[in-house]
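# Understanding the architecture of this molecule
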Amino acid sequence: MLDETAVVLRAKQGDPEAFATLVRRHEELAFRVAYLIVRDAAEAEDVAQEGFVRAYRSLRRFDARRPFRPWLLRIVTNLAINSRRSARRRDATAERVERDIRHRSMADVADDAAQAEEARRVWEAVATLRPEEQTLVYLRYFLDVSEAEAAAAIGRPVGTAKSRLHRALRRLRDVIQQRYPDLARPVGEATKTGA
Amino acid sequence: MRELAQDLIPVEAMLGRAARAVAYPPAPALASRVLARIEDERSLQRVALPVPGVRLAAALAAALLLAAGAALAVPQSRDALADFFGLGHAKIEVGPVLGPAPPVLSPESFARPATLAEAARAVAYELRFPMRDGDRLVPDEVYLQGGGESAVVIFVYDDFDLYQTDRGIFGKGAPGGDQVHEVEISGQRGYWIDEGGHIAYHFDAQGRLVVETQRTVDRATLLWEEHEGLGFRLETSLAQADAIALAESLR
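As the structure is a prediction and not an experimental result, all values here were calculated from the model. (Residues numbered from 1 in each chain as written. Chains lettered and ligands numbered in written order. Predicted model: local features only at pLDDT ≥ 70, side-chain atom pairs only at ≥ 80, totals over all residues.)

## A few points about the overall build of chain A
Within chain A, the regular secondary structure consists of ten helices and zero strands. Ordered by position from N to C terminus, the α and β elements of chain A give α-α-α-α-α-α-α-α-α-α. By the burial criterion, 49% of the 195 residues in chain A qualify as buried. In chain A, once contacts between residues fewer than 6 apart in sequence are set aside, the share between residues at least 24 apart is 59%. (Helix = DSSP H or I, 4+ residues; strand = E, 2+ residues; numbered from the N terminus. Buried ≥ 20, exposed ≤ 12 C-beta atoms within 10 Å, placed from the backbone. Contact = placed C-beta atoms within 7 Å.)

Here is the structure:
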């Protein structure tokens, strides 16, 4: 694999194939983080594409000594959050999102219906967190992004990002306890009672 | 119903299971589409600027790009550019930056932590707060940058950082004029700068650049001022309409 700094430098100099290399290298992660936030495949595709276009527009200002991926993640997550907040999209797709969450995104892959139900509810609970908290949770727990990269993606020092993630988990526990008390029971008990 | 103590809810294990259960749709192959978009935009810039319907900001940017280009890298030449996209408390300069971009910094890197009471004592005006449902939104963190008449108070919230000053001047360097949009906030002119790689800096009340405040901002920025002469900058991940609503809520 080519050294990423060299690829970024070539892209900054206007080499389209170099930028295409960066797109191919990061498109899956960009799409996935967008999907986790907007919860709609078509919308996530648009967001990821727009994120790369905006990254290209800003590339000449990007310091190639910095890692490209967290910078890109920041652009994409901001776009995804803005997209989700759009009243137009919210109104138009609320029903579809709910259907996606219930019937496609999780139940198809989880062997156990109770596990799928738990996953669906946890994902819904994450969606109630503040945007920055959601981004941190998705990057760290769903996409295995490092602490340093997640912090860079939200534009905060690592220490601040850690404290905000800690606060996010505390809020998540609150939400689960209040909305899904059966999930808060000891492992095994929740699945017996079901949803 | 028996309830677990909040701390005993195994939320990290739950997240792990939820993460494994997500069925991601296949990631699209974006490279060719992204390159096509970029080429389309290049073609439009070559052929169609300015044209009817192009935003005023973009047209101005095209006209002044050459003049502004070198200035972003040469602070002492900023005076010659006075108020390109200007407000009383803000100068927005459009053009490429020479040399490495400054780092992305959070307020704790260039300002000192303060309490609300300290911030209130440091300025000669009544601090403004965003409101929600009639309640003042109390910031998570408060910082003071600079001192005296050009002090800047920074309120940090989850979704935005709010800067306010009565004598200082906010500077912004935007790489492209199409990032800058004129907006209206409570009847006052303001500017919205799309997210992505613009530079923020700060001038003191005498118009001198405060070098240590230069930093790259990846979030969108809203700049505006109010009748009483206060200047504001909002750096945010909010959508433009939400940011303007927040700005208009300041009391």
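## A short note on the overall build of chain B
The secondary structure content of chain B amounts to six helices and 14 strands. When burial is assessed residue by residue, chain B has 42% of its 251 residues classed as buried. The long-range fraction of contacts in chain B, counting pairs at least 24 apart against all pairs at least 6 apart in sequence, stands at 61%.

## Considerations on the nonpolar core
Among the nonpolar cores identified, the biggest contains 68 residues, and Val33, Ala34, Ala48, Val76 and Ala80 of chain A are the most heavily contacted of them. Top contributing element to this core by residue count: helix H2 (residues 16-38) of chain A, with eleven residues. Three or more residues apiece are contributed to this core by two domains, here domain 1 (1-98) and domain 2 (106-195) of chain A. Contact partners of Ala48 of chain A, with chain neighbours within four places excluded, come to Glu27, Ala30, Phe31, Ala34 and Val76 of chain A together with Leu30 of chain B. Core analysis: the second largest hydrophobic core is formed by 34 residues, Ala151, Ile154, Val156 and Phe160 of chain B among them. (Core = buried A, V, L, I, M, F, W, Y, C linked by C-beta atoms within 7 Å. Domains from an automatic or database assignment.)

## A look at the sheet that holds strand E6 (residues 152-156) of chain B
Residue and element names in this part refer to chain B. Pairing within the open sheet is antiparallel, and its eight strands lie in the order E2-E5-E6-E7-E14-E13-E10-E9. What marks the edges here is a single partner per strand, and that holds for strand E2 (112-113) and strand E9 (180-185). Here four bridges tie strand E10 (residues 188-193) to strand E13 (residues 220-225), and the two strands are oriented antiparallel to one another. Bridged to Ile193 within E13 is Thr221. Sheet strands in contact with helix H6 (residues 240-248) are strand E7 (160-165), E9, E10, E13 and strand E14 (231-236), and its direction is about 145 degrees off that of E14. (Pairing = 2+ DSSP bridges. Axes fitted to C-alpha atoms, helices over the stretch in contact; angles between N-to-C directions.)

## So, the packing of helix H8 (residues 147-154) of chain A against helix H9 (residues 158-179) of chain A
Each pair of packed helices can be described by the angle between their axes along with the distance between the axes. All names here are of chain A. Where H8 meets H9, the closest approach of the two axes is 9 Å, and the angle between their N-to-C directions is 90 degrees. Comparing their axes, H9 and H8 come out roughly perpendicular. Residues Glu147, Ala148, Ala150, Ala151 and Ile154 of H8 lie in contact with H9, whose contacting residues are Val158, Ala161 and Lys162. Tallied by class, residues from the contact of H8 with H9 come to six nonpolar, no polar and two charged. (Parallel < 35°, antiparallel > 145°, perpendicular 65-115°, else oblique. Nonpolar A, V, L, I, M, F, W, Y, C, P; charged D, E, K, R; others polar.)

## Details of the environment of Asn82 of chain A
Within the secondary structure, Asn82 of chain A is located in helix H4 (residues 68-85). Given 24 C-beta atoms within 10 Å, Asn82 of chain A falls into the buried group.

## Regarding helix H7 (residues 131-142) of chain A
All names here are of chain A. Taking 1.5 Å per residue as the helical rise, H7 with its twelve residues ought to reach 16 Å, and the 15 Å between its terminal C-alpha atoms agrees with that figure. Counting buried positions along H7 gives twelve out of twelve residues, so the element sits mostly inside the fold. Of the residues making up H7, those classed as buried are Pro131, Glu132, Glu133, Gln134, Thr135, Leu136, Val137, Tyr138, Leu139, Arg140, Tyr141 and Phe142. Residue Asp144 follows H7 closely and has a positive phi angle near 55 degrees. (Expected span 1.5 Å × (residues − 1).)

## Concerning H9 of chain A
With 22 residues, H9 of chain A extends 31 Å from end C-alpha to end C-alpha; this agrees with the ideal 32 Å at 1.5 Å per step. Against helix H6 (113-126), H7 and H8 of chain A together with helix H1 (11-21) of chain B lie the buried residues of H9 of chain A.

## Side note on the pairing of E14 of chain B
Residues and elements named next belong to chain B. Among the six residues that make up E14, six are buried, leaving the element largely enclosed by the rest of the structure. Here E14 shows a buried face lined by Gly231, Arg233 and Glu235 and a second buried face lined by Phe232, Leu234 and Thr236. Both E13 and E14 contribute to a ladder of six bridges, which runs antiparallel. Considered in E14, the bridge of Thr221 is made with Glu235.

## Overview of the confidence of the model for chain B
Considering every residue of chain B, the mean pLDDT works out to 72; 63% of them sit at 70 or more. Predicted complex, confidence summary: ipTM 0.80, pTM 0.55. (pLDDT = per-residue confidence, 0-100.)

## So, the pairing of E7 of chain B
Residue and element names in this part refer to chain B. In terms of burial, E7 is largely enclosed, as six of its six residues are buried. Of the two faces of E7, the one carrying Phe160, Leu162 and Gln164 and the one carrying Asp161, Tyr163 and Thr165 are both buried. Examined bridge by bridge, E7 and E14 share six bridges and lie antiparallel to one another. Within the sheet, the bridge partner assigned to Gln164 lies in E14 and is Phe232.

## Here's the deal with the confidence of the model for chain A
Residues and elements named next belong to chain A. Looking at chain A as a whole, its pLDDT mean stands at 80, while 78% of the residues score no less than 70. When pLDDT is averaged over each helix and strand of chain A, the minimum, 44, is found for helix H10 (residues 189-193) and the maximum, 95, for H2. Confidence over residues 188-195 falls short of pLDDT 50; this stretch has eight contacts with residues more than four positions distant or in other chains.

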